[in-house]
Amino acid sequence: MKFEHFGTGIIKGLAVTLRHLFRKPITTQYPEQKLTTSRRARGNELVWDITKCTACGTCAKACPQGVIRIVTSAKPVENRYVVEKFEVDTGYCIFCGLCVEACPFQSLLMGYSYERAKYRRHEVVHTNEMLLPSAKRPASGYMYPKLAKALPPQTLLIERDEVKG
Amino acid sequence: MALKTESFALNIGPLHPSTHGVFRMRAVLDGEVIANMEPVFGYLHRGIEKLAEERTYTGVIPLTDRLDYLASMSNNLAYVLAVEKLAEISAPERATYLRVILAELQRIASHLIAVGAFVNDCGAFFTPFLYMFREREKILDLFEMLSGQRLLYNYMRIGGFNQDIPDEFLPALQKFVSQMPGFIDEYDRLLAENEILLARTKGVGILPQDLAVNISASGPVLRASGVKWDIRKADPYCGYDRFEFDIPTGTAGDCYDRYRVRIEEMRQSLRIIEQAMKQLPSGAVKSTVPYLVRPPAGEAYAHIEAPKGELGFYLVSDNSIAPYRCHIRAPSLINLTALRDMTVGWKVADLIVIFGSIDITMGEVDR
Ligand code: SF4
Ligand code: SF4
């Protein structure tokens, strides 16, 4: 290949990288600083509201991975089945959110938290009380705009970076 | 006395940093020159087409995310269009416009990786790559705002979307659309005239026009060879005929043209997004669709212009809640079949450049 002015292209390119030296960094020092995730975050672990759940099983049927298992009482108590076991094997969960969309009684929510790695395999299987919401396991606003409004706004990279032509 | 020489078989991959995933190539070398090249598919086979047969129509959508994981929105779109065709459902206007916006944003995000990884393969070690990742990150932010995840969106539903866009989405998108042309100009200043890039890509890995058509290549690979073929124009879906945009084409069909076509396509995508944002109607984002879609027995094929080429879903229904057959026409796989013809006669170092210029995702090649 022949070039008329060899080197001009490279110098132009270097001017761009040089200008980058004077731009504000947009990276975050992750474990110390954290960005806020989306208000609709489909984080790890499902959040389940035991008081609203009617054990209808719609969520279990909607799950493409088949990770939700529900055991109910054999006989209804006060015209309602009692949930004896509600088990989610998060090891197989792909966090697609279809169960949350399917639940007709607003009793299943996506989790807002992340960093949920576990040391033992049995720890990723969540049963009954382990699924309840708590300060450590907040629920996200996925499919529930009212809940989403209450969460802090997502940090957007677009707000941090400006281009100067 | 003549030296006795023999050809040498070199295995590249499946676990090799420049194979963009896990792809194996068996190259037969004559010295440093490639005498023969045999792509070996199947290392990442997960049986997605078979898995789809035992899932409900909605349950397949998260699977399609995992095909071309750099362009999940486009996969979602192609699949839901196929189901909508099969079940004769139509999405509301607002959803159609939003689909166009998201598909074009996804095209920009995918091309940013394609170009970034390609120049990385050419030896521009990670500087342009990270510049482009920075802009891609902004798109991922927007997608995260909509769907809750950064890579596997699972956002589109049969008949629209699962939830409407939040209020803060359109201002953020507007900001992105107004900033992005500046960044694309910056990439051009950084790379377009760079002598090393030109020397490594101009005239390298030429895919002749007739061969490109014969192997039914599509997307930027086909357009770089000078064929003006874009499904958005040739068979408009989602109302693409309402927007004004050009189809950038190359002339030589070499690696440099493929790179140029992608950069130009990003500009055109921004044009489409701008128009779609202006015309975005209000209203519902999902039409009333039964909880379990049960299409009448029959078959349907829907194709879209995904970032990498023509992505098609062929669905057969037997009037049950799960597809009887789901076949995926993956652009990466078909574009990859040209690899042998493009690489024979070039050196090993060029093989990596040529391979990078096709822009493949292994999730889609092996399914
Ligand atoms: S998020 Fe998806 S995979 Fe996980 S339990 Fe719900 S439906 Fe199943
Ligand atoms: S769909 Fe909702 S109410 Fe029904 S079993 Fe699941 S969590 Fe409970």
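Residues numbered from 1 in each chain as written. Chains lettered and ligands numbered in written order. Predicted model: local features only at pLDDT ≥ 70, side-chain atom pairs only at ≥ 80, totals over all residues. Heavy atoms only, no water.

S.K.: Report on the pattern of salt bridges, specifying residues and quantitative values.
M.R.: Evaluation of the coordinates by the stated rule reveals 39 salt bridges over all chains. Of the charged contacts in the structure, one is a salt bridge between Lys149 of chain A and Asp167 of chain B, with a shortest N-O distance of 3.9 Å. A residue pair is termed interchain when its members come from two chains, as with Lys149 of chain A in helix H4 (residues 145–150) and Asp167 of chain B in the loop between strand E5 (160–161) and helix H6 (169–192). The two residues Lys149 of chain A and Asp167 of chain B agree in class, both being exposed. (Salt bridge = Lys/Arg side-chain N within 4 Å of Asp/Glu carboxyl O. Helix = DSSP H or I, 4+ residues; strand = E, 2+ residues; numbered from the N terminus. Buried < 20%, exposed > 50% of the residue type's maximum accessible area, 1.4 Å probe, protein only.)

S.K.: I'd like to hear about the packing of helix H11 (residues 255–279) of chain B against helix H14 (residues 348–358) of chain B, residue by residue, with values.
M.R.: Residue and element names in this part refer to chain B. Between H11 and H14, the shortest axis-to-axis distance is 9 Å and the interhelical angle comes to 30 degrees. Relative to H14, the element H11 is oriented roughly parallel. Viewed along their axes, H11 and H14 form a crossing whose handedness is left-handed. Where H11 approaches H14, its residues Cys255, Arg258 and Arg262 are matched on the opposing element by Val353, Ile354, Ser357 and Ile358. Its residues assigned to classes, the contact of H11 with H14 shows 4 nonpolar, 1 polar and 2 charged. (Axes fitted to C-alpha atoms, helices over the stretch in contact; angles between N-to-C directions. Parallel < 35°, antiparallel > 145°, perpendicular 65-115°, else oblique. Left-handed = near helix turned anticlockwise from the far one by under 90°. Contact = heavy atoms within 4.5 Å. Nonpolar A, V, L, I, M, F, W, Y, C, P; charged D, E, K, R; others polar.)

S.K.: Account for the sheet that holds strand E2 (residues 68–72) of chain A, naming residues and giving values.
M.R.: Residues and elements named next belong to chain A. Pairing is antiparallel across the open sheet formed by 3 strands, whose spatial order is E2-E3-E5. Single-partner strands in this sheet number two, and they are E2 and strand E5 (125–127). Averaged over all pairs of adjacent strands, the angle between strand axes in this sheet comes to 15 degrees, irrespective of strand direction. Note: strand E3 (residues 83–89) against E5, 3 bridges, orientation antiparallel. (Pairing = 2+ DSSP bridges.)

S.K.: Report on the site of ligand 2, specifying residues and quantitative values.
M.R.: As a structural note, the neighbourhood of ligand 2 is formed by 14 residues, with Cys53, Cys56, Cys59, Cys103 and Ser107 of chain A the closest of them. In terms of residue class, the shell around ligand 2 is made up of 10 nonpolar, 4 polar and no charged. (Near = heavy atom within 4 Å.)

S.K.: Which residues make up unusual backbone geometry, and what values go with them?
M.R.: We note that Ala55 of chain A has phi near 60 degrees; this positive angle belongs to a residue other than glycine. Topologically, Ala55 of chain A is positioned in the loop between strand E1 (43–48) and helix H2 (58–62).

S.K.: Before we move on, could you go through the confidence of the model for chain A and cite the residues and values that matter?
M.R.: Model confidence for chain A is summarised by a mean pLDDT of 83, while 94% of its residues fall at 70 or above. Looking at the elements of chain A, mean pLDDT is at its lowest for helix H1 (residues 8–20) of chain A, recorded as 81, and at its highest for helix H3 (residues 98–102) of chain A, recorded as 89. (pLDDT = per-residue confidence, 0-100.)

S.K.: Which residues make up the sheet that holds strand E7 (residues 309–317) of chain B, and what are the values?
M.R.: Residue and element names in this part refer to chain B. Here 3 strands make up an open sheet; going across it, the order is E6-E7-E8 and the pairing antiparallel. On the outer flanks of this sheet lie strand E6 (298–306) and strand E8 (325–329), each paired with one strand and no other. Between one strand and the next, the sheet's axes are offset by a mean angle of 10 degrees, whatever the strand orientation. Bridging between E6 and E7 involves 9 bridges; their strand directions are antiparallel. Across the sheet, the residue bridging to Ala300 is Leu315, located in E7.

S.K.: Which residues make up the layout of surface pockets, and what values do they have?
M.R.: Estimates place the volume of the largest pocket at around 720 Å³. If you go around the largest pocket, you meet 31 residues; those closest to its centre are Leu35 and Thr37 of chain A together with Glu137, Glu144 and Arg150 of chain B. For the lining of the largest pocket, the secondary structure elements donating two or more residues are E1 of chain A together with helix H5 (127–147) of chain B. Among the elements that make up the lining of the largest pocket, the one with the highest residue count is H5 of chain B (6 residues). (1 Å grid on protein atoms, 1.4 Å probe; cavity = no way out; pocket = protein on both sides within 12 Å on 5 of 7 lines; lining within 4 Å. Points joined across faces, edges and corners; volume = space filled by probe spheres on them.)

S.K.: Explain the state of the cysteines residue by residue, including any values.
M.R.: The tally for this structure, following the rule as stated, stands at 0 disulfides over all chains. Residue Cys238 of chain B stays outside any disulfide, its sulfur separated by 18 Å from that of Cys326 of chain B, the closest cysteine. (Disulfide = S-S within 2.5 Å.)

S.K.: Summarise the site of ligand 1; cite the residues concerned and give the values.
M.R.: Ligand 1 sits among Leu46, Cys63, Pro64, Gln65, Val67, Ile68, Cys93, Ile94, Phe95, Cys96, Gly97 and Cys99 of chain A. Of the residues contributing to the shell around ligand 1, the split by class is 10 nonpolar, 2 polar and no charged.

S.K.: Before we move on, could you go through the side chain of His126 of chain A and cite the residues and values that matter?
M.R.: Along the chain, His126 of chain A turns up in strand E5. Contacts of His126 of chain A, omitting those with residues within four sequence positions, involve Glu45, Phe86, Glu87, Val88, Thr90, Leu131 and Arg137 of chain A.

S.K.: Talk me through the interface of chain B and chain A; I want residue IDs and the actual numbers.
M.R.: The interface of chain B with chain A comprises 47 residues on the first partner and 45 residues on the second. Surface buried jointly by chain B and chain A totals about 3,800 Å² across both partners, of which 53% is contributed by carbon and sulfur atoms. Three residues, Gln163, Arg189 and Glu195 of chain B, lead the burial of chain B against chain A; their summed loss comes to 16% of the area buried on that side. Taken together, the connections running from chain B to chain A amount to 4 salt bridges. A salt bridge links Glu101 of chain A to Arg157 of chain B; the nearest nitrogen and oxygen atoms lie 2.7 Å apart. Summed over the shared surface of chain B and chain A, the number is 22 residue pairs in polar contact (both at pLDDT 80 or more). Here the side of chain B that touches chain A is built from residues that sort into 17 nonpolar, 12 polar and 18 charged. (Buried area = accessible area lost by both parts, 1.4 Å probe. Polar contact = N/O pair within 3.5 Å; in protein donor to acceptor, adjacent residues only side chain to side chain.)

S.K.: I'd like a description of helix H3 (residues 72–87) of chain B, backed by residues and values.
M.R.: Since the α-helix packs 3.6 residues into each turn, any two residues three or four apart lie on the same face. Residue and element names in this part refer to chain B. For H3, spanning 16 residues, the distance from its first C-alpha to its last is 22 Å, which sits close to the expected 22 Å at 1.5 Å a residue. Within H3, 15 of the 16 residues are buried, which leaves the element mostly enclosed by the surrounding structure. Count one or two residues on from H3 and you reach Glu88, which has phi positive near 55 degrees. (Expected span 1.5 Å × (residues − 1).)

S.K.: An account of a nonpolar patch on the surface is requested, with residue identities and associated values reported.
M.R.: Residue and element names in this part refer to chain A. Together, Leu18, Leu21 and Phe22 make up a nonpolar patch on the protein surface, roughly 400 Å² of accessible area in all. Along the chain, Leu21 turns up in the loop between H1 and E1. With a relative accessible area of 64%, Leu21 lands in the exposed category. (Patch = residues over 30% accessible without salt bridge, like charges linked within 9 Å, V, L, I, M, F, W, Y side chains within 5 Å. Areas by Shrake-Rupley, 256 points an atom, 1.4 Å probe, with all protein chains shown as cover.)

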